[in-house]
Amino acid sequence: MNAPARPSSRIRRVGIVGGGQMGAGIAEVCARAGLDTVVAEADATAARAARERMAVSLERAVQRGKLDRISAEDALARLLFTSDLDDLADRQLVIEAVTESADAKIEVFTALDKIVEDAEAILATNTSAIPVMRLGMATGRADHVLGLHFFNPVPVMPLVEIVSSLHTAAHVSDTVEAFVGDSLGKTAIRSRDRAGFVVNALLIPYLLSAVRMAESGFASASDIDNGMVLGCAHPMGPLKLADLIGLDTVAAIAGSLYDEFKEPLYAPPPLLRRMVQAGLLGRKTGRGFHTYGRD
C-alpha cells in the first residue's frame, strides 16, 4: 500500500522576526533556497547588523567551498532588512526568533496577529522550550501557530523540530514539514508541545550534569570535554557545546524544563546562574567555561 503523498510546499514568501544568531541563520537558509525573505529587527542599527552578519556567513560559505559566489550574491539580494514589522504583512510564513523570553515572544505574536494579512499564513516560533500553546493563545489564529525549532548553526545543522500545540491544525503541520524538507532540504522531526521538545529534553540534563561536575571540582572543564570527545566520540564536549549555544540560553531552557517537570536534573546549577549574571555567556561574549578569541 502506497503512503499518502506529502503536500507540496506553497510557501514562497517568508518573514523572520529577529536577526541575531538564530534569526540570521534561518533567513540565510531561506534565501539560499530561493525564497523571498524579509528580516525584521528592532531598529535600523540592528537591521544593518543582521545584514552584515549574513553577508559574513555567506562569504565564509564561499571561502569553504560550500557555496559559489553567484549563489551567495543571489541569496543576499533576496533578503530585505527592515525595522518595521508592517513589512511582514504579505508573508505566508513568519518565524519568530527573538530572545528566549516568553514576554518578548508574546509581544511579537500579538503584533503579528494584527499585521499578517493572510488568514492562512502560518506563524512559527523558534523557541527552544517555551510552550507553543502559550504563544498561540496570544493570537486569534492558534490553529495556525506552531513551533519550528532550528539548531545552531542553522546553515549547517540538518534538523528542524516541528512542534504542534493542542490547537495547531494538522494541515498546518503537514505544510510546514513539506516546506522544511522540500524547500530547505532539512530533516524534520515532530514533537508534542512539552518544554524542551525532543532534542533539548535529552540534551540539557547532559549539559547541566557537566556543569555540576565542573562546579564541584570533580574535573576541569577541559578534562570533562576531552573525556566526552575522546572517550565517547562526541564531536564537541558538553561545556564547549554549552558555550556555543550560549549559557543564557542553556539556563533559560533549563528553567523552562524545571518549571514544567519539577525534576531536579533540569534545575539550573548555581554556577550556571552566576555566570549568566556575570555576562560570561560563552562564545558570543568571548568567555564561558572556555575562553575564545574574537573573530
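What comes next concerns the included structure. (Residues numbered from 1 in each chain as written. Predicted model: local features only at pLDDT ≥ 70, side-chain atom pairs only at ≥ 80, totals over all residues. Heavy atoms only, no water.)

**Comments concerning the nonpolar core**
Short version of the rule: Residues enter a nonpolar core if they are buried and are Ala, Val, Leu, Ile, Met, Phe, Trp, Tyr or Cys, with the set joined through side-chain atoms within 4.5 Å. Buried means the residue's accessible area, taken with a 1.4 Å probe over protein chains only, is under 20% of the maximum for its type, while exposed means over 50%, and partly exposed covers the values in between.
Ranked by size, the top nonpolar core spans 40 residues in total, and within it Val14, Leu93, Ile95, Leu148 and Phe179 carry the most contacts. One finds Ile204, Leu208, Leu239 and Met275 within the second-largest nonpolar core, a separate group that totals 22 residues.

**Thoughts on helix α7 (residues 199-216)**
As a reminder, the rule being used: Numbering of helices and strands runs from the N terminus; a helix is a DSSP stretch of H or I covering at least four residues, while a strand is a stretch of E covering at least two. Each helix should span, by expectation, one fewer than its residue count multiplied by 1.5 Å. By the convention used here, residues are in contact when the closest approach between their heavy atoms is within 4.5 Å.
End to end, α7 covers 26 Å across 18 residues, agreeing with the expected 26 Å (1.5 Å per residue, within 8%). The set of residues buried in α7 consists of Asn200, Leu203, Ile204, Pro205, Leu207, Leu208, Ala210 and Val211. Packed against the buried residues of α7 are β6 (145-150), α8 (221-232), α9 (238-245), α10 (247-261) and α11 (270-277). Positive phi appears at Gly217, one or two residues downstream of α7, with a value of about 80°.

**Side note on the pattern of salt bridges**
Note that side chains of opposite charge can pair when their charged atoms are close. Note the threshold: Basic side-chain nitrogens of Lys or Arg form a salt bridge, by our definition, when they fall within 4 Å of a carboxyl oxygen of Asp or Glu.
For the coordinates displayed, the defined rule picks out 11 salt bridges. For Asp36, the salt bridge identified is with Arg91, shortest N-O distance 3.3 Å. On the criterion of sequence distance, the pair formed by Asp36 in strand β2 (residues 36-40) and Arg91 in the loop between β3 (79-82) and β4 (93-96) is long-range, its members being 55 residues apart. Looking at Asp36, the relative accessible area reads 35%, which means it is partly exposed. Of the charged contacts in the structure, one is a salt bridge between Asp248 and Lys284, with a shortest N-O distance of 2.9 Å. Here the residue Asp248 occupies a position in helix α10, and Lys284 occupies one in the segment after α11, the gap between them amounting to 36 residues. When salt bridges with common partners are traced through the structure, they connect Asp36, Asp90 and Arg91 into a single cluster.

**A look at the environment of Met236**
Within the element layout of this structure, Met236 appears in the loop between α8 and α9. Put simply, Met236 and Arg13 are 223 residues apart on the chain and 36 Å apart in space, counted from C-alpha to C-alpha. With residues near it in sequence (within four places) discarded, Met236 still touches Val229, Leu241 and Leu244.

**Concerning helix α1 (residues 21-32)**
Over its 12 residues, α1 runs 17 Å from end to end, which matches the ideal 16 Å to within 8%, given 1.5 Å per residue. Among the 12 residues of α1, nine are classified as buried, and the element is accordingly described as predominantly covered. For α1, every residue scored as buried is listed here: Gly23, Ala24, Gly25, Ile26, Ala27, Glu28, Val29, Cys30 and Ala31. Following α1 by one or two positions, Gly34 has its phi on the positive side, about 85°.

**Quick word on the environment of Ala188**
Residue position: Ala188 is located in strand β8 (residues 187-192). Along the sequence, Ala188 and Arg13 sit 175 residues apart, while their C-alpha atoms lie 20 Å from each other. Filtering out sequence-adjacent residues up to four positions away, Ala188 remains in contact with Val160, Ile162, Glu177 and Val180.

**As for unusual backbone geometry**
Here the residue pair Asn152 and Pro153 is connected by a cis peptide bond, since its omega of -5° sits within 30 degrees of zero. Checked against the element boundaries, Pro153 lands in the loop between β6 and β7 (159-164). The phi dihedral of Lys262 is positive, around 55°, even though this residue is not glycine.

**A word on a negative patch on the surface**
Rules: Candidate patch residues must exceed 30% relative accessible area and have no salt bridge, after which like charges are joined if within 9 Å and Val, Leu, Ile, Met, Phe, Trp or Tyr side chains if within 5 Å. Method for areas: the Shrake-Rupley scheme with a 1.4 Å probe, in which residue coverage is limited to the protein chains shown. Working convention for charge: Lys and Arg count positive, Asp and Glu count negative, and His plus the chain ends are omitted. Taken as the charge location is NZ of Lys, CZ of Arg, CG of Asp or CD of Glu.
There is a patch of like negative charges on the surface, built from Glu117, Asp118, Glu120 and Asp143. Checked against the element boundaries, Glu117 lands in the loop between α4 (102-115) and β5 (122-125).

**Some details on the packing of aromatic side chains**
Two descriptors summarise a pair of aromatic rings, namely the distance from one centre to the other and the angle between the planes of the rings. Rules: Here a Phe, Tyr or Trp ring, Trp counted by its six-membered ring, pairs with any other such ring whose centre lies within 6.5 Å, and the pair is stacked when the planes are under 30 degrees apart, edge-to-face when over 60, and tilted otherwise. A ring is scored as having a charge over it whenever the NZ atom of a lysine or the CZ atom of an arginine sits within 6 Å of its centre and within 35 degrees of its normal.
Across all of its chains, the model carries one aromatic pair by this definition. Arranged with centres 5.5 Å apart and planes meeting at 35°, the rings of Phe261 and Tyr266 form a pair that is tilted. In this structure Phe261 comes out as partly exposed when scored by relative accessible area, which is 29%. A cation over a ring is seen here: Lys262 above Tyr258, with NZ or CZ 5.9 Å from the ring centre.

**Some thoughts on the packing of α10 against α11**
For clarity, the cut-off: In this description, a line fitted to the C-alpha atoms serves as the axis of each element, helices being fitted only across the stretch in contact, and the angle between N-to-C directions of two axes falls anywhere from 0 to 180 degrees. For this classification, under 35 degrees means roughly parallel, over 145 means roughly antiparallel, 65 to 115 means roughly perpendicular, and everything else is oblique. When the near helix sits turned anticlockwise from the far one by under a right angle, the crossing is termed left-handed; a clockwise turn instead gives a right-handed crossing. As a working rule, the residues Ala, Val, Leu, Ile, Met, Phe, Trp, Tyr, Cys and Pro are called nonpolar, Asp, Glu, Lys and Arg charged, and the rest polar, with Gly in that last group.
Where α10 contacts α11, the axes come no closer than 9 Å and their chain directions differ by 130°. Classified by the angle their axes make, α10 and α11 are oblique. Considering how the two elements wind past one another, α10 and α11 form a crossing that is left-handed. Listed contacts from α11 to Leu247, Asp248, Val250 and Ala251 of α10 are Leu272, Met275 and Val276. Counted by class, the contact of α10 with α11 contains six nonpolar, no polar and one charged residues.

**Section: the sheet that holds β5**
As a reminder of what qualifies: One bridge is not enough; two strands pair if DSSP finds at least two bridges between them.
With mixed pairing, eight strands are arranged side by side in an open sheet as β3-β2-β1-β4-β5-β6-β7-β8. The sheet terminates laterally at β3 and β8, the two strands that pair on one side only. Adjacent strand axes in the sheet meet at a mean angle of 25° when their direction is disregarded. Two elements, β7 and β8, share six bridges in a ladder whose sense is parallel. Bridge pairing in β8 places Val163 opposite Ser191. In this fold helix α2 (residues 44-63) packs onto β2 and β3, with an angle of close to 155° to the strand it touches most, β3.

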